[in-house]
Amino acid sequence: MSIQSGSTYGLRTVIELKQPHERFRPFSLTTSDETATTVLNVSEHMEEANLITFVVDKNDLYVSLGKDATDDGTSMLIPAGTGYSDTNISFKGPISVIRANPGNGRIVGAIWGR
């Protein structure tokens, strides 16, 4: 019996496609001024986020998970053309950004959680 025939294939497909996270939410935002902006409030879409991935382009951004972003060194500085992923995280509240330089930046990503 080959791995792609019969019940073995059906079992393999179920295992491969099973997602450990119940909820998924994509997000995207382009900044329009130099103040902190909420990209997404996790609490509106799920109990908590457990996996996040995003990319930043057009301009560097400070990103904060679970609180408002600041430019005082307490938020993550994500350079344009790079991103961030974390598979073992737990946070609630906002995903917030503030631009690091003059000019607008964009963040595009997704969260998974329960």
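Our subject is the structure listed above.
Our subject in this report is the structure included herewith. Think of each chain on its own: its residues are numbered from 1, step by step along the sequence as written. The predicted nature of this model means local features are confined to residues of pLDDT at least 70 and side-chain atom pairs, given and counted, to a pLDDT of 80 or more, with totals for whole chains, interfaces and linings taken over all residues. In computing side-chain properties, one takes all heavy atoms of the structure into account and sets aside hydrogens as well as water.

**Notes on the environment of Gly83**
Labels follow the DSSP assignment, with helices taken as runs of H or I lasting at least four residues and strands as runs of E lasting at least two, numbered in each case from the N terminus. On the secondary structure map, Gly83 appears in strand S6 (residues 82–86). By relative accessible area, Gly83 is classed as partly exposed at 38%. Remark: the alpha-carbon pair of Gly83 and Thr53, spanning 30 residues in sequence, is separated by 7.4 Å. When sequence neighbours within four positions are dropped, the list of residues in contact with Gly83 reads Phe54, Val55 and Ile78. For the exposure calls, accessible area comes from a 1.4 Å probe over protein chains only, and a residue counts as buried if that area is under 20% of its type's maximum, exposed if over 50%, partly exposed in between. Any two residues whose heavy atoms approach within 4.5 Å are treated as being in contact.

**Digging into the nonpolar core**
Grouped together as the largest cluster of nonpolar side chains are 20 residues, with contacts concentrated most on Phe27, Ile52, Val63, Phe91, Ile95, Ile107 and Ile111. Contributing elements (two or more residues each) for this core: strand S1 (23–30), strand S2 (37–41), strand S3 (49–57), strand S4 (61–65), strand S7 (94–99) and strand S8 (106–113). The biggest single contributor to this core is S3, with 4 residues. Ile111 has contacts with Arg23, Phe24, Arg25, Phe27, Leu40, Val42, Met46, Ala49, Leu51, Ile52, Phe91 and Ile95, leaving out every residue within four places of it along the chain. For our purposes a nonpolar core is just a set of buried Ala, Val, Leu, Ile, Met, Phe, Trp, Tyr and Cys residues, chained together by side-chain atoms within 4.5 Å.

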